[in-house]
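Fold and geometry: a report
Chain by chain, the residues run as shown.
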Amino acid sequence: MNQEISRRRTFAIISHPDAGKTTLTEKFLLFGGQIQVAGAVKNNKIRKTATSDWMEIEKQRGISVSTSVMEFDYNGYKINILDTPGHQDFAEDTYRTLTAVDSAIIVVDGAKGVETQTRKLMEVCRMRNTPVIIFINKMDREGRDPFDLLDELEEELSISVRPLSWPINIGAKFKGVYNIYENKLDLFKPDKQRVTEKVEIDVNSNELESHIGEQDARQLRDDIELIDGVYPEFDVESYRAAKVAPVFFGSALNNFGVQELLNCFVEIAPSPKPTKAEERDIDPEEPRFTGFIFKITANIDPNHRSCIAYCKVCSGKFERNHPYLHVRLGKTVRFSSPTQFMAQRKSTIDEAYPGDIVGLPDNGIFKIGDTLTDGEQLHFRGLPSFSPEMFKYIENDDPMKSKQLEKGISQLMDEGVAQLFVNQFNGRKIIGTVGQLQFEVIQYRLENEYNAKCRWEPVHLYKACWIESDDEAEFESFKKRKFQYMAKDREGRDVFLADSGYVLSMAQQDFKHIRFHFTSEF
C-alpha cells in the first residue's frame with residue numbers, strides 16, 4: 001500500500017490562455033507512451049486536435065473549456081495529470097481542480113511573462129500551500145531576457161525561484177538549454193515528434209565550445225556563475241513546503257526541455273499528502289477508504305448521455321463493487337464500472353489508491369463536494385461556488401423540445417460551471433456565470449448534445465447573494481420588500497439578486513441581522 005502511494009504523482013497544469021498548457025500535456029503523454037503522435041493544437045490541415053480537448057466546441061475554437069484527466073506510467077511512477085482551462089470564464093473549474101492535486105506546474109509564455117490569470121491561479125495555490133514548478137515556454141520564439149523573467153516571477157507571484165535549466169540564446173538563435181539539475185547540455189533541433197540529442201557535459205569542460213561556439217559558451221558560463229551567486233542552492237524540502245519554485249525553460253511545441261522537466265518533476269514532486277476534513281485530518285496511509293467528488297462532467301459519451309463524477313481518492317484502497325457510504329444522502333452505493341481516464345477514452349478498473357482520480361457513473365446522485373467513505377461520517381470542505389457576475393434569462397426556443405431542454409439544463413448545472421436561479425416574482429429561469437463565453441458554451445452544448453434550442457434574454461443584475469438570518473420577522477419583511485428580486489437556487493436556498501451595488505449596500509445597512517454571502521458555502 002505505502003509503495004503504491006509513494007509512486008503516485010497527481011498534479012494540475014495551469015496558466016493564462018495560450019501559454020501552451022495543452023501542448024505540454026500532450027508531450028508528457030508522448031513520453032508516457034500513451035499517444036504515438038501529438039496532435040498539433042492549431043493545425044487545421046491535418047485535422048488533428050489536442051488529445052485532452054475532446055469536446056466538440058474545444059476542437060472548433062482551439063481552447064480548453066473543461067478540465068480533463070489523464071493518467072499514465074513513467075519510469076516506475078504513476079502520473080495523474082489534470083489539464084485545466086486557462087480562459088478566465090472557466091476559472092471556477094480550475095480553482096476546484098486545484099483542491100484535488102498535490103502539486104502544480106505553471107506554464108508561462110516567454111514573450112509575455114506573467115499575465116493576470118497566472119497571478120490569480122498562484123493565489124489559489126498559495127492559499128492551499130500547493131508546491132509549484134514553473135515552465136517558461138516558447139523559448140524558440142523572440143521573447144524577453146531570462147533574468148528579467150525570473151525577476152518578474154519573484155515579484156508578481158511573490159515566491160522565490162531557482163532555475164534548474166538555462167537557455168542558450170532565445171528566438172532564432174536558440175541553441176538549446178543547459179540542464180543545471182543533471183549537468184547535461186541539451187541541443188535543440190526543431191522537431192515536433194522526435195526528442196532532441198543530449199550531451200553529458202560539464203559547463204566548465206573544454207568540449208562546450210565545440211557544441212555551441214565560443215561566444216555562447218562564454219555567455220553560458222557567466223550566466224551559470226551568476227545564477228549560483230544570486231540564487232540559493234536548490235533544496236527539495238523548501239520546494240515541497242511551497243517556498244521555492246524551480247524554473248525550467250523550453251519549447252513544448254517542439255518537444256524541447258519537456259523531458260528534463262518531467263524527469264525532475266517525478267523525482268522531487270510530493271506523493272499524496274494528508275487531506276483536511278471538517279472532522280479531522282485524513283492520512284493517505286489509513287486503511288479505510290475516503291474520497292470526495294470535485295467535478296462532474298455531463299455527456300462524456302454523447303451516445304449514452306451519461307454523467308461522470310470525478311472522485312479523488314484520499315485514503316485507503318478503492319475497490320470495484322465494494323459498498324461505500326454516500327455521506328450526504330446517508331445511503332450505501334456500489335460501482336460496477338469505475339473508470340480511469342485518458343481524456344475521453346476510459347477503461348474500467350478494479351482498484352485505485354490515494355492520489356488516483358476515479359470516474360464514477362453518476363445517475364444524478366452526486367453533487368460537487370460529496371464525500372464517499374467506508375462508513376465514517378466525514379465532510380470535505382473547500383469547494384466553493386462563487387457568486388456569478390453575468391446574468392441572462394434562458395428561454396425555450398423550440399416548444400416541442402422542452403423535456404430535452406429541462407434535462408440538458410439540469411445536467412449542465414450539475415457540472416457547477418454556471419448557476420441556475422428561479423425568480424420567485426415571475427418564475428423565470430436565470431442563468432448566472434462568471435464570463436460571457438460560458439453562455440455560448442451552454443447554448444452550443446444544449447443544441448449539439450441534447451438537441452434542444454435556447455435563446456438568451458437580457459436581465460439587468462449586479463450580483464447574486466445567498467442570504468440567511470436568525471431574526472425570522474426581519475427576514476420575512478426583507479423578502480416582502482424585495483419580492484421581485486428574490487430567487488431560489490437549485491438547493492431551494494434564498495438568493496437576493498441585487499440590481500446595483502448601491503441597492504446591495506443599502507440593503508446591508510437597513511437589515512442589520514441578515515447575513516449576505518458571496519460564495520455558496522457558509
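These notes cover the structure that comes with them. (Residues numbered from 1 in each chain as written. Predicted model: local features only at pLDDT ≥ 70, side-chain atom pairs only at ≥ 80, totals over all residues. Heavy atoms only, no water.)

What follows covers the nonpolar core. The biggest cluster of nonpolar side chains holds 55 residues, and the ones touching the most others in it are I134, I136, L150, L153 and W166. With five residues, the top contributor of residues to this core is helix α6 (residues 146-157). When sequence neighbours within four positions are dropped, the list of residues in contact with L153 reads V108, V114, I134, I136, S158, I159, V161 and V247. Grouped together as the second largest cluster of nonpolar side chains are 29 residues, F11, L24, F28 and Y74 included. (Core = buried A, V, L, I, M, F, W, Y, C linked by side-chain atoms within 4.5 Å. Buried < 20%, exposed > 50% of the residue type's maximum accessible area, 1.4 Å probe, protein only. Helix = DSSP H or I, 4+ residues; strand = E, 2+ residues; numbered from the N terminus. Contact = heavy atoms within 4.5 Å.)

Looking now at the pattern of salt bridges. Using the criterion set out here, one finds 30 salt bridges in the structure. Residue K367 is joined to E491 by a salt bridge in which the shortest nitrogen-to-oxygen separation is 2.6 Å. Note that K367 is positioned in the loop between β22 (357-362) and β23 (371-373) and E491 in the loop between β29 (486-488) and β30 (494-498), a separation of 124 residues in sequence. According to the relative accessible area criterion, E491 is partly exposed, its value standing at 43%. Each of E4, R7, R8, D73, K78 and D356 takes part in a single network of salt bridges with overlapping partners. (Salt bridge = Lys/Arg side-chain N within 4 Å of Asp/Glu carboxyl O.)

Take the pairing of strand β11 (residues 244-249) next. In terms of burial, β11 is largely enclosed, as six of its six residues are buried. Burial along β11 is two-sided: V244, P246 and F248 facing one way and A245, V247 and F249 facing the other are all buried. The pairing of strand β5 (residues 132-137) with β11 spans three bridges and is parallel. Across the sheet, the residue bridging to I136 is F249, located in β11. As paired strands, strand β6 (residues 160-163) and β11 are joined by four bridges and run parallel to one another. Pairing of S160 across the sheet is with V244, part of β11. (Pairing = 2+ DSSP bridges.)

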